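Residue-level listing of the chains:
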Amino acid sequence: MQKLLAIAGPTASGKSSVAVKLAKKLNGEIISMDSMQIYKGMDIGTAKVSQEEMENIPHHLIDIVEPNVPFSVSDFVLLAKNAIDDISNRGKLPILVGGTGLYYECLIYPFTFGSAKSDDTIKQKLYEELEKYGPNYLHDKLKQIDPVDAQKIHPNNTKRLIRALEIYKITGNSKTESAKSDKILQYDIDFYVLDNDRQVLYENIAKRVNIMMDFGLEKEVKFLLDSGCDFNMQSMQGIGYKEFKGYFDGKITLEQVKNEIILNSRHYAKRQITWFKRYEFAKNLTKDQLIEKFNL
């Protein structure tokens, strides 16, 4: 089994900086496990690591897709596996860094993409529902059937949405249930989760959002909109971007946008903490403890 190191944890917990130190110490390269940093031009709102902060350590799966292009978990898994093979074959250590739980789940465990056959009659009925009621109606149906898969599929990605509902109607099982296999790790992985005091984490989130606003997050979002993006796109549904819709519609102030981003980031951090608690093999350490453990 290939050897991996993972640094996970909630947003604003300090993963990126400690990962660079680890990569230098352990002859490693970093693979981003962040579902927003894949997008080109979305730098400030994603707290994307800068070239200076990378300190000449190669970072993979950052800036790989345009914001107007849909990107699935299966797309990510394929690219991540290729990156792991490439790094390992060059005698270096792949270091997974980021907080997107679904990316970890589908990479480190067996993951299939749905082998159920297609049924044209079922598919046609679903397309008729789509035309009559719209994508949000179908997405709500998927949420009830398969909340895990619904998190992965944007309502506007109608092809994948209809396929997920089709699998359920054909097999009687959700796509997630159909894809389940024994939870056997696919890699020899040392998995660390940065454990922060909750109040300190919330303070870090607020500081980060204030810095984003000072660095021109409003201008970044405006540039994306001027370049043809809109708030229905998968990329623009990310925290730090979706909150601007009301602002550009003239309904809320910039201060309200900032407060919404802080609040949504805090809620996301809670979900991340809950997600990684499920991994019994994970080791929870503070950033200082991790630095001390590896003598960084």
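Residues numbered from 1 in each chain as written. Predicted model: local features only at pLDDT ≥ 70, side-chain atom pairs only at ≥ 80, totals over all residues. Heavy atoms only, no water.

Q: Talk me through the nonpolar core; I want residue IDs and the actual numbers.
A: Residues Leu 96, Tyr 104, Phe 191 and Met 236 are the most contacted members of the largest nonpolar core, which totals 56 residues. Breaking this core down by element, the ones donating at least two residues are strand 1 (3-8), helix 3 (73-89), helix 4 (101-108), strand 5 (188-194), helix 10 (198-214), helix 11 (217-226) and helix 13 (254-277). Leu 96 has contacts with Leu 4, Leu 5, Ala 6, Ile 7, Ile 31, Met 33, Tyr 104, Leu 107 and Ile 189, leaving out every residue within four places of it along the chain. Leu 5, Ala 23, Val 97 and Tyr 192 belong to the second largest nonpolar core, which has 17 residues in total. (Core = buried A, V, L, I, M, F, W, Y, C linked by side-chain atoms within 4.5 Å. Buried < 20%, exposed > 50% of the residue type's maximum accessible area, 1.4 Å probe, protein only. Helix = DSSP H or I, 4+ residues; strand = E, 2+ residues; numbered from the N terminus. Contact = heavy atoms within 4.5 Å.)

Q: Quick one: what's the story with the packing of aromatic side chains, residue by residue and with numbers?
A: By the definition in use, this model includes 14 aromatic pairs. Considering the side-chain rings of Phe 191 and Phe 281, the 5.5 Å spacing of their centres and the 80° angle between planes classify their relative orientation as edge-to-face. Here Phe 281 lies in the loop between helix 13 and strand 6 (283-285) and Phe 191 lies in strand 5, a separation of 90 residues in the sequence. Note on Phe 191: relative accessible area 0%, which makes it buried. Members of the aromatic cluster, each reached through a chain of ring pairs, are Tyr 104, Tyr 109, Phe 191, Phe 276, Tyr 279 and Phe 281. Across from the ring centre of Tyr 202, 3.9 Å away, lies the NZ or CZ of Arg 266, which sits over that ring. Against the face of Trp 275 rests Arg 278, its NZ or CZ located 4.3 Å from the ring centre. (Phe/Tyr/Trp six-rings, centres within 6.5 Å; stacked < 30°, edge-to-face > 60°. Lys NZ or Arg CZ within 6 Å of the ring centre and 35° of its normal.)

Q: With reference to specific residues and values, describe helix 5 (residues 120-133).
A: Given a rise of 1.5 Å per residue, 14 residues ought to cover 20 Å, and the 20 Å separating the end C-alpha atoms of helix 5 matches this to within 8%. The set of residues buried in helix 5 consists of Ile 122, Leu 126, Glu 129 and Leu 130. Relative to the axis of helix 5, the buried residues are bounded by an arc of 105° and lie together on one face. Within helix 5, the exposed residues directed more than 90 degrees away from the buried face are Asp 120, Thr 121, Glu 131 and Lys 132. Buried residues belonging to helix 5 abut helix 6 (135-145) and helix 8 (158-171). Within two residues after helix 5, Gly 134 carries a phi angle of roughly 95°, on the positive side. (Expected span 1.5 Å × (residues − 1). Arc of directions from axis to C-beta.)

Q: I'd like a rundown of the sheet that holds strand 2 (residues 28-32), residues and numbers included.
A: Ordered in space as 3-2-4-1-5-6, the 6 strands form an open sheet in which the pairing is parallel. A single partner strand is all that each edge strand has here, and the edge strands are strand 3 (59-60) and strand 6. Sheet topology places strand 1 next to strand 4 (residues 93-97); 3 bridges connect them, and they run parallel. The residue of strand 4 that forms the bridge with Ile 7 is Val 97. (Pairing = 2+ DSSP bridges.)

Q: I'd like to hear about the pattern of salt bridges, residue by residue, with values.
A: Under the definition given, this model contains 16 salt bridges. A salt bridge links Asp 140 to Lys 143; its shortest N-O distance comes to 4.0 Å. Residue Asp 140 and its partner Lys 143 are located together in helix 6, separated by 3 residues, close to a single helical turn. The class of Lys 143 is partly exposed, set by a relative accessible area of 44%. Each of Glu 29, Asp 86, Arg 90 and Lys 92 takes part in a single network of salt bridges with overlapping partners. (Salt bridge = Lys/Arg side-chain N within 4 Å of Asp/Glu carboxyl O.)

Q: Account for a positive patch on the surface, naming residues and giving values.
A: On the surface, Arg 198, Arg 266, Lys 270 and Lys 277 cluster together into a patch of positive charge. Inspection of the secondary structure puts Arg 266 in helix 13. On the accessibility criterion, Arg 266 (32% relative accessible area) is partly exposed. (Patch = residues over 30% accessible without salt bridge, like charges linked within 9 Å, V, L, I, M, F, W, Y side chains within 5 Å. Areas by Shrake-Rupley, 256 points an atom, 1.4 Å probe, with all protein chains shown as cover. Lys, Arg positive; Asp, Glu negative; His and termini not counted. Charge placed at Lys NZ, Arg CZ, Asp CG, Glu CD.)

This is a description of form; function is not addressed.
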